[in-house]
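Residue strings, one per chain:
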Amino acid sequence: AAIEPFGISTPSFAQGGIQPHSDKPRDGLVASTAVMTPSATLVGSKIAGAQVNFTLVTVDGLAVASQVVRPNKNGLATATLTVTDAELWSVARPYRYELRVSVIEAHGHEVLDSTAVTTGIRNLNWDTEQVTPDPLPNSDPNSNPNSNLT
């Protein structure tokens, strides 16, 4: 079994209170909890019984979340990683994590494939009550009141 090239996705969202990292705005934000649901698609033989290890690592090399899962019959493996005190990515402070993914054969001894991707955790708010102050040119701001991303 092998990890399909470009077969890694890393959706994530912040939960709980989001606070400044320190009293300096450029130090970024921290979420009390963030959840990432990475997935990997496996291809090739030996998928049946294989295990996929997902580990999220800080820039300092500290593992902050890890889970081992089995892929489904289509080769898709999905984990749920919970990160406490997650550093949030922003333009001012682009904090990134490394997601390490490895495929282990059925008996848990041999690593069949591994890869790592760089990712960040970011918070987006969706507000269906707020009207966009500057609508797009040639658009009707009242045509879709649920389309305002803030």
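Residues numbered from 1 in each chain as written. Predicted model: local features only at pLDDT ≥ 70, side-chain atom pairs only at ≥ 80, totals over all residues. Heavy atoms only, no water.

Student: Help me get a handle on the pairing of strand β9 (residues 97-104), residues and values and all.
Tutor: Within β9, six of the eight residues are buried, leaving the element largely enclosed by the surrounding structure. Sheet topology places strand β5 (residues 51-57) next to β9; seven bridges connect them, and they run antiparallel. Counterpart to V52 in the pairing with β9 is V103. When β9 meets strand β10 (residues 111-119), the two strands line up antiparallel, connected through eight bridges. Bridging from a neighbouring strand, V101 pairs with T115 of β10. Linkage of β9 to β10, two consecutive antiparallel strands, is achieved through a turn of six residues, within which G108 is found at a positive phi near 75 degrees. (Buried < 20%, exposed > 50% of the residue type's maximum accessible area, 1.4 Å probe, protein only. Helix = DSSP H or I, 4+ residues; strand = E, 2+ residues; numbered from the N terminus. Pairing = 2+ DSSP bridges.)

Student: Can you lay out the nonpolar core for me, pointing to particular residues and giving the numbers?
Tutor: With 27 residues, the main nonpolar core has V52, F54, L56, L81, V101 and I121 as its most contacted residues. Only β1 (2-9), β3 (29-36), β4 (39-43), β5, β6 (63-69), β8 (81-87) and β9 provide two or more residues apiece to this core. The element that contributes the greatest number of residues to this core is β9, accounting for four residues. With near-sequence residues (within four places) excluded, I121 lies in contact with S12, A34, M36, V83, A86, E87, L88, W89 and Y97. (Core = buried A, V, L, I, M, F, W, Y, C linked by side-chain atoms within 4.5 Å. Contact = heavy atoms within 4.5 Å.)

Student: Go over the pattern of salt bridges, please, and point to the residues and values.
Tutor: In a structure, side chains of opposite charge can pair up when their charged atoms sit close to one another. The full count for this structure, using the stated rule, is two salt bridges. For E87, the salt bridge identified is with R93, shortest N-O distance 2.7 Å. E87 gets classed as buried once you look at its relative accessible area, which sits at 13%. Note on R93: relative accessible area 22%, which makes it partly exposed. Ionic pairing is found between R100 and E98, a salt bridge with its closest N-O pair at 2.6 Å. Judged by relative accessible area, R100 falls into the partly exposed class, the value being 40%. Relative accessible area serves as the criterion here: at 28%, E98 is assigned to the partly exposed category. (Salt bridge = Lys/Arg side-chain N within 4 Å of Asp/Glu carboxyl O.)

Student: Lay out unusual backbone geometry in plain terms, naming residues and giving numbers.
Tutor: In this structure, D85 takes a positive phi of about 55 degrees despite not being glycine. Mapped onto the elements of the fold, D85 is located in strand β8. Look at D85 and you get exposed, because its relative accessible area is 52%.

Student: Could you give an account of the environment of L76, naming the residues involved and the relevant values?
Tutor: Inspection of the secondary structure puts L76 in strand β7 (residues 76-78). Setting aside chain neighbours within four positions, we find L76 in contact with S39, A40, T41 and P71.

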